[in-house]
Amino acid sequence: MSVLIFADQTEGHIKKASFEVLSYGAALAKQMGTSAEALVLGTVTDDLAALGKYGVAKVHQVANETLNHVDAQLYAKVIAEAVTATGATVLVFSHTQTGKAVSARTAARLKAGIVTGACALPDTSNGFTVKKTVFSGKAFANISISSPIKVISLNLNSFKTVAGEGTAEVVALNVAVDASKIKITAINKIVGEVPLTEADIVVSGGRGLKGPENWGVLLDLAKELHAGTACSRPVGDAHWRPHHEHVGQTGVQIAPNLYIALGISGAIQHLAGVNRSKVIVVINKDPEAPFFKAADYGIVGDLFEVVPKLTEEIKKLHAST
Amino acid sequence: MKILVCVSKTPDTTSKIAFTNGNTKFDEAGVQWIINPYDEWYALVRAIELKEKDPSIVIHLVTVGLADCDPIIRKALALGGDEAIRINTDNSDSYYIAAQIAEVAKKGGYDLILTGKETIDYNGSSIAGMVAELVDAPYVSLATLFELNGTTASITREIEGGEEVAEVSLPVVVSCQKGMAEQRIPNMRGIMAARTKPLQVAEPAAIDALTSILSFELPPAKAGVKLVSPDNVAELVRLLHEEAKAI
Ligand SMILES: Cc1cc2nc3c(=O)[nH]c(=O)nc-3n(C[C@H](O)[C@H](O)[C@H](O)COP(=O)(O)OP(=O)(O)OC[C@H]3O[C@@H](n4cnc5c(N)ncnc54)[C@H](O)[C@@H]3O)c2cc1C
């Protein structure tokens, strides 16, 4: 009755989001008085024994190259077999693109209840209750899972990654892997940008920037902060910025440590995508802009004057530290 | 060629989120109900676009919910669905719902099953993957483009840090998001036609629910914004560095 944590990899490296979910799974195993084990699919170059520092005793690996690409159908079958082989009673994913593709499918295969978008450790004092975000971050629900096997998919940036000492035992798991029915014809990675859902800091622009030609001020600030860049929906719709930058209820949902909103009014649908950010800074010339109600820090002013100054001040800070 | 589009009723995006019955029930007072935007704007409209190119395509809609879902189903029919099936239950467990849809899918013999990437109320993003597993079909999640070439589909989907383009033989289950299609408004002719389109109500199959909602909570209110003068940007940087420890 262990906790099995799916540690996602890409191009041979374990993803950053996996360290968070390993820490979460290890804490959960401790709370349940059982052991935490990780599952890695595909071939990797990283040292898997090192995952022990996040609290897992064992790392099971199905080192089959077919699994270097995520096909939910194959993954669900392999992960479900790993659950059976290891006797795990709790299976944990990170709620990333891969987690969204695979976790629910695996749960259905195992006939296991699932809570996706979990944001805290389950309450295991009386049953098994998981807290998750609902209504696009505007509320939480406490959901009880009654099936013998439980599946959780953890929201990004909702648990503190804890790295300690320790090495894990790496065990090869032999599971038959079917041929994929999906033929990948192209993979287009966005290069030179911090992926939005993984960014610690996000700088985001709205209609207040007036046009795509004015994005320089925002990009300069983002560059100085090594931040990801985002935008409001009208900005994406007008093709001032690429679609994948659109955050909000109908775009990407993010939860960075710091979200800086420039010239965005803070409509409820926009807030739904960013309200889980730890710290929110709003720069808007309208003191009545609704975004100020959801912000931690704000400047009422013209962004074209304020933002270059902000970039300069941050440069000074970086130079002095 | 038959397409099944899964649609769900959700509160309008501007709805006030509050709870009643000792925080166990969503407060529906004054709430406007809409078709979940991902189901409508992306899954359904893309299906309609495919039908416009090939009028032999038949679009069925399925929703799992009580009679209060009928208005949104009529709207989906007005946009362009041909027939609808409503499974009459208000159970909220994702496995239970997916298993009901899978029953419909198995009987209907669909070439393509489309859903939105998630609903904007429960944010589960689970149904499509579960249905795919239960009908044993390939699953493509978070799709942004979908083209049909005879019996295969070319699908672009979001992956971490980019996108992946793939070809897959039908049948396939696809969860849809921005990029697939653009929002449409139903026209008068569609609205009139929708009144007489078949809406079948079926009782749920016997399936075990595996989860249940115990309670809801609202997040603690923010402490309030600290405003800094535009002439003192250095102070904002100091606060972010020293107080918030965010930079
Ligand atoms: C169903 C539905 C779903 C939606 N989903 C989303 C979503 O996912 N994401 C999203 O973002 N929106 C979404 N919207 C749209 C949302 O309601 C707002 O219309 C949108 O967020 C507004 O974008 P904005 O803040 O960039 O523009 P505006 O509302 O026009 O705000 C521009 C702001 O810039 C400020 N400004 C102007 N000039 C300056 C200057 N020089 N310096 C400083 N500030 C300045 C103004 O004071 C204003 O507050 C959705 C709407 C609906 C109905």
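Note that the structure is predicted; figures quoted are calculated from it, not measured.

Calculation rules
- Residues numbered from 1 in each chain as written.
- Chains lettered and ligands numbered in written order.
- Predicted model: local features only at pLDDT ≥ 70, side-chain atom pairs only at ≥ 80, totals over all residues.
- Heavy atoms only, no water.
- Patch = residues over 30% accessible without salt bridge, like charges linked within 9 Å, V, L, I, M, F, W, Y side chains within 5 Å.
- Areas by Shrake-Rupley, 256 points an atom, 1.4 Å probe, with all protein chains shown as cover.
- Salt bridge = Lys/Arg side-chain N within 4 Å of Asp/Glu carboxyl O.
- Helix = DSSP H or I, 4+ residues; strand = E, 2+ residues; numbered from the N terminus.
- Buried < 20%, exposed > 50% of the residue type's maximum accessible area, 1.4 Å probe, protein only.
- Arc of directions from axis to C-beta.
- Contact = heavy atoms within 4.5 Å.
- Buried area = accessible area lost by both parts, 1.4 Å probe.
- Polar contact = N/O pair within 3.5 Å; in protein donor to acceptor, adjacent residues only side chain to side chain.
- Core = buried A, V, L, I, M, F, W, Y, C linked by side-chain atoms within 4.5 Å.

**Re a nonpolar patch on the surface**
Residue and element names in this part refer to chain B.
Thought 1: Nonpolar side chains collect at one region of the surface, where M188, I191 and M192 lie side by side and expose about 290 Å² of accessible area between them.
Thought 2: Among the secondary structure elements, M192 is positioned in helix α5 (residues 188–194).
Thought 3: By relative accessible area, M192 is classed as partly exposed at 43%.

**Description of helix α6 (residues 233–243) of chain B**
Thought 1: Those residues of α6 of chain B lying buried are V233, L236, V237, L239 and L240 of chain B. Each buried residue of α6 of chain B sits inside an arc of 160 degrees when the element is viewed along its axis, so together they form one side.
Thought 2: Tucked inside the fold, the buried residues of α6 of chain B contact β15 (258–262), β16 (279–284), β17 (297–300) and α7 (303–320) of chain A together with β15 (226–228) of chain B.
Thought 3: Just past α6 of chain B, the residue K245 of chain B takes up positive phi, approximately 50 degrees.

**Thoughts on the pattern of salt bridges**
Thought 1: Counted according to the given criterion, the structure contains 27 salt bridges over all chains.
Thought 2: Put simply, D237 of chain A and K178 of chain B hold a salt bridge, and the shortest N to O gap is 2.9 Å. Of this pair, D237 of chain A sits in helix α5 (residues 233–237) while K178 of chain B sits in the loop between β12 (172–176) and α5, each in a different chain.
Thought 3: Among the residues examined, K178 of chain B registers a relative accessible area of 12% and is labelled buried.
Thought 4: In this structure, E52 of chain B and R184 of chain B form a salt bridge, with 2.8 Å as the shortest nitrogen-oxygen distance. Here the residue E52 of chain B occupies a position in helix α1 (residues 37–53), and R184 of chain B occupies one in the loop between β12 and α5, the gap between them amounting to 132 residues.
Thought 5: Overlapping salt bridges, with partners in common, bring together R46, E49, K53 and E147 of chain B in one network.

**Comments concerning unusual backbone geometry**
Residues and elements named next belong to chain B.
Thought 1: In this model, L170 is joined to P171 through a cis peptide bond whose omega is 0 degrees.
Thought 2: Counting through the fold element by element, P171 comes out in the loop between β11 (162–169) and β12.
Thought 3: Positive phi, close to 55 degrees, is recorded for L142, a residue that is not glycine.
Thought 4: Tracing the backbone shows L142 in strand β9 (residues 139–149).
Thought 5: Overall, L142 belongs to the buried group, its relative accessible area being 5%.

**So, the interface of chain A and chain B**
Thought 1: Taken residue by residue, the interface counts 86 residues in chain A and 79 residues in chain B.
Thought 2: Across the chain A to chain B interface the summed buried area is about 7,100 Å²; carbon plus sulfur atoms make up 57%.
Thought 3: Where chain A meets chain B, there are 8 salt bridges.
Thought 4: As a salt-bridge pair, R105 of chain A and E133 of chain B come within 2.7 Å of each other at their nearest N and O atoms.
Thought 5: On inspection of chain A and its partner chain B, the count reaches 40 residue pairs in polar contact (both at pLDDT 80 or more).

**Points about the nonpolar core**
Thought 1: By size, the foremost hydrophobic cluster in this structure holds 53 residues, and its most contacted members are L41 and I79 of chain A.
Thought 2: Sorting elements by how many residues they give to this core places helix α2 (residues 72–86) of chain A first, with 8 residues.
Thought 3: With sequence-adjacent residues up to four places away left out, I79 of chain A is seen in contact with F6, L39, L41, L91, F93, V102 and T106 of chain A.
Thought 4: In this structure, V45, L61, L77 and A143 of chain B belong to the second largest nonpolar core, which totals 43 residues.

**Considering the side chain of Q9 of chain A**
Residue and element names in this part refer to chain A.
Thought 1: For Q9, the location among the structural elements is in strand β2 (residues 9–10).
Thought 2: Residue classification places Q9 among the buried residues on the basis of a relative accessible area of 7%.
Thought 3: Within polar-contact distance, the side chain of Q9 engages the backbone oxygen of L41 at 2.9 Å.
Thought 4: Within the structure, Q9 has its side chain in polar contact with the side chain of N68 (distance 3.3 Å).

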